[in-house]
Amino acid sequence: QIDWCGHANDIACAMAEMDDFAKSIELAKAYIDKNPNTLLVVTADHSTGGLTLGAHGQYKWETEVIKGVKATAGKLTKLLFDASNLQPVWEENTKIAFTPENKVKLEQAKKMGVKPLNLAIKDIISKASFTGWTTGGHTAVDVQIFAYGKVANDFAGSMNNTDIADKLIHYIDKN
């Protein structure tokens with residue numbers, strides 16, 4: 001779901017999914033440590049969202065803001081859209097101040113509908129955390145490849161996706 005979070009430009013969602021993914025990789029590495037004839041290759045088919053750390057001319061990224069967001073923008077949208085009083089819902093689900101500016105932005109967006117409210121929520125979170133996005137689609141950025149275990153060094157640097165597949169098939173055919 002990391003891809004979906006990138007398409008949605010939802011940093012809290014993306015970081016929660018990345019945390020889950022990192023935990024899964026740790027489990028896989030533990031398995032490989034017990035089964036040394038195993039290889040783990042981690043990559044992606046594309047980058048989505050164009051996530052940039054640091055925005056608005058600032059070279060900083062406020063991770064504590066993101067850690068304080070307890071719901072995806074989609075879930076927060078539903079909660080706020082159904083709420084008669086936005087402040088307690090906002091404060092329960094984020095550590096971002098419910099400033100007069102944020103109150104007006106959220107209330108006006110809510111009057112316009114679910115989609116504008118969702119966009120307003122993501123904008124407030126991204127601005128508060130200094131998260132930037134270049135697109136809601138795919139990017140032309142090369143994706144990284146990581147490997148762990150037997151022959152991990154064969155999967156390093158920049159590789160064409162078909163080369164990755166060819167190498168994996170070669171190892172399967174050898175065994």
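Everything here concerns the structure above.
Calculation rules
Residues numbered from 1 in each chain as written. Predicted model: local features only at pLDDT ≥ 70, side-chain atom pairs only at ≥ 80, totals over all residues. Heavy atoms only, no water. Helix = DSSP H or I, 4+ residues; strand = E, 2+ residues; numbered from the N terminus. Rg over C-alpha atoms; globule rule 2.2 N^0.38 Å. Buried < 20%, exposed > 50% of the residue type's maximum accessible area, 1.4 Å probe, protein only. Contact = heavy atoms within 4.5 Å. Areas by Shrake-Rupley, 256 points an atom, 1.4 Å probe, with all protein chains shown as cover. Lys, Arg positive; Asp, Glu negative; His and termini not counted. Charge placed at Lys NZ, Arg CZ, Asp CG, Glu CD. Expected span 1.5 Å × (residues − 1). Polar contact = N/O pair within 3.5 Å; in protein donor to acceptor, adjacent residues only side chain to side chain. Salt bridge = Lys/Arg side-chain N within 4 Å of Asp/Glu carboxyl O.

A. Spatial organisation of the overall build of the protein. Scanning the protein for helices and strands turns up eight helices and four strands. From first element to last, N terminus to C terminus, the protein shows the α and β order α-α-β-β-α-α-α-α-α-β-β-α. Against the 2.2 N^0.38 benchmark of 16 Å for 175 residues, the protein shows a C-alpha radius of gyration of 20 Å, more extended than a compact globule. C-alpha atoms of the protein, sized along the principal axes, occupy 65 × 35 × 30 Å. Within the protein, the proportion of its 175 residues that are buried is 32%. Across the protein, contacts joining residues at least 24 apart in sequence account for 68% of those joining residues at least 6 apart. Surface summary for the protein: the accessible area is close to 11000 Å², and the carbon and sulfur share equals 55%. Averaging the coordinates of the 19 positive side-chain charges in the protein and doing the same for the 21 negative ones gives two points 6 Å apart.

B. Examining helix H7 (residues 114–129) more closely. The end-to-end C-alpha distance of H7 is 23 Å, a good match for the 22 Å that 16 residues give at a rise of 1.5 Å each. Among all positions in H7, only Leu-117, Asn-118, Ala-120, Ile-121, Lys-122, Ile-124, Ile-125, Ser-126 and Ser-129 are buried. Backbone geometry just downstream of H7 places Phe-130 in the positive-phi region, at approximately 60°.

C. Fine view of the side chain of Thr-131. Note on placement: Thr-131 falls in strand S3 (residues 131–132). A polar atom in the side chain of Thr-131 sits 2.7 Å from the side chain of Ser-129. Every residue in contact with Thr-131, bar those within four places of it in the chain, is listed here: Ile-11, Leu-51, Thr-52, Ala-55, Trp-61, Ile-66 and Ser-126.

D. The arrangement of the pattern of salt bridges in detail. This model, assessed by the stated rule, comprises seven salt bridges. When the shortest N-O distance is used, the salt bridge between Asp-123 and Lys-105 registers 2.1 Å. Of this pair, Asp-123 sits in helix H7 while Lys-105 sits in helix H6 (residues 100–112), placing them 18 residues apart in sequence. Among the residues examined, Asp-123 registers a relative accessible area of 26% and is labelled partly exposed. The class for Lys-105 is partly exposed, based on a relative accessible area of 27%.

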